[in-house]
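# Chains, contacts and geometry: an overview
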Amino acid sequence: MKAKRGSGASAKIWPGDALGVTFQAVPADTRDALRLILDQSFTGIYLWHARRTLRSVAWVREGILEESSIGLTMSTMLGENIGYVAYEAVAPAWRRKGFGSLLLDDVLQFLQARGASRILACVRPENVPSVLLLRSRCFERITFRSVAHSRGFPRAVRLWARMVVAPGEHVYHLNLESP
Ligand SMILES: CC(C)(COP(=O)(O)OP(=O)(O)OC[C@H]1O[C@@H](n2cnc3c(N)ncnc32)[C@H](O)[C@@H]1OP(=O)(O)O)[C@@H](O)C(=O)NCCC(=O)NCCS
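Bear in mind that the values here come from a model prediction, so they are computed numbers and not experimental data. (Residues numbered from 1 in each chain as written. Predicted model: local features only at pLDDT ≥ 70, side-chain atom pairs only at ≥ 80, totals over all residues.)

As a further point, take the overall build of the protein. The helix and strand inventory of the protein stands at 6 helices and 7 strands. Ordered by position from the N terminus, the helices and strands of the protein form the series β-α-α-β-β-β-α-β-α-β-α-α-β. The buried share of the protein, reckoned over its 179 residues, is 28%. Sequence-distant contacts in the protein: of pairs separated by 6 or more residues, those separated by 24 or more amount to 65%. (Helix = DSSP H or I, 4+ residues; strand = E, 2+ residues; numbered from the N terminus. Buried ≥ 20, exposed ≤ 12 C-beta atoms within 10 Å, placed from the backbone. Contact = placed C-beta atoms within 7 Å.)

On to the nonpolar core, then. Judged by nonpolar contacts, the single largest core of 33 residues is most densely connected at Ile 119 and Ala 121. Considering every element that reaches this core, the biggest residue donor is helix α3 (residues 99-113), with 7 residues. Leave out the neighbours within four places in its chain, and Ala 121 touches Val 85, Leu 134, Phe 139 and Tyr 172. (Core = buried A, V, L, I, M, F, W, Y, C linked by C-beta atoms within 7 Å.)

Attention now goes to the site of the ligand. The environment of the ligand is made up of 21 residues, and the closest members are Arg 95, Gly 100, Ser 101, Pro 129 and Leu 132. Elements represented by at least two residues in the shell around the ligand include exactly β4 (82-90), α3 and α4 (128-136). Of the residues forming the shell around the ligand, the biggest block, 6 residues, is contributed by α4. Among the residues forming the shell around the ligand, the class breakdown is 9 nonpolar, 7 polar and 5 charged. (Near = placed C-beta within 6 Å. Nonpolar A, V, L, I, M, F, W, Y, C, P; charged D, E, K, R; others polar.)

Now for helix α5 (residues 144-151). With 0 of 8 residues buried, α5 is to be regarded as a mostly surface element. One or two residues past the end of α5 sits Gly 152, with phi positive at roughly 100 degrees.

With that out of the way, let us pick up the environment of Met 77. Of note, Met 77 is situated in strand β3 (residues 68-79). Looking at Met 77, the number of C-beta atoms within 10 Å reads 16, which means it is partly exposed. Taking the C-alpha atoms as reference points, Met 77 and Val 57, 20 residues apart in sequence, are found 9.8 Å from one another. With sequence-adjacent residues up to four places away left out, Met 77 is seen in contact with Ile 82, Gly 83, Arg 114 and Ala 116.

Glancing now at the sheet that holds strand β2 (residues 59-65). With respect to topology, 7 strands assemble into an open sheet ordered β1-β2-β3-β4-β5-β7-β6, the strand pairing being mixed. Strands with a single pairing partner mark the edges of an open sheet, and in this sheet they are β1 (22-25) and β6 (140-142). Looking at each pair of strands side by side, their axes are set apart by 30 degrees on average, direction ignored. Each of β2, β3 and β4 touches helix α2 (residues 44-56); the most contacted strand, β4, lies at about 120 degrees to it. (Pairing = 2+ DSSP bridges. Axes fitted to C-alpha atoms, helices over the stretch in contact; angles between N-to-C directions.)

Turning next to the confidence of the model for the protein. On average, residues of the protein score 90 in pLDDT, and 90% of them reach the 70 mark or higher. Predicted confidence for residues 1-16 stays below pLDDT 50, and this span has 32 contacts to residues more than four positions away or in other chains. (pLDDT = per-residue confidence, 0-100.)

So, about the packing of α5 against helix α6 (residues 153-163). At a minimum axis distance of 7 Å, the contact between α5 and α6 shows a crossing angle of 135 degrees. Classified by the angle their axes make, α5 and α6 are oblique. Note that α5 runs across α6; the crossing there is right-handed. Within the contact between the two elements, α5 uses Phe 144, Val 147, Ala 148 and Arg 151 and α6 uses Phe 153, Arg 155, Ala 156, Leu 159 and Trp 160. Split by residue class, the contact of α5 with α6 holds 7 nonpolar, no polar and 2 charged. (Parallel < 35°, antiparallel > 145°, perpendicular 65-115°, else oblique. Left-handed = near helix turned anticlockwise from the far one by under 90°.)

This is the structure:
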């Protein structure tokens, strides 16, 4: 079974109530239980950084199905109205069933409720599932140059530094206020 999917701008946030999955915050002292999903989802420096972020990031949310964690998001605010999805991962056995979309919708709603009107995320262009997932929620690619031009160089530097954008990664942006 696959979760129902919205389309277009009106589907930017779709409440994840399908398939019996529920979402909950994961407090810092119980986050280690989610390391297995990270181990199954990332390698090398990304795995190292994902584990490190799991411990330190402001918010971790997990999707629960049949009392098991099927995936997680890690997120924070980069500024008063800028939310950042630092990581998202779905356990391999649960991929391609719509849960990644539900987790993304959940974290978008969560960040919006905390004042975010814009959301950022980074992804390597060869990570096709992730790029398509972001695009399905109307994220658009932005570049350092375009942000420096529109918002000023110092602000662009601050944002890129806070996201720890690795060489070769692309930055995606969602404006929750655009029609
Ligand atoms: C990216 C990820 C979270 C997607 O989770 P998922 O549960 O498979 O996502 P969904 O089933 O909701 O799929 C959403 C869309 O993503 C795209 N997608 C997902 N997996 C794909 C694949 N293997 N190949 C091509 N497109 C894919 C599709 O466009 C899909 O929509 P569709 O099924 O209608 O075509 C998952 O693949 C994952 O955990 N990857 C490893 C960790 C990672 O790279 N995270 C992102 C960087 S932090």
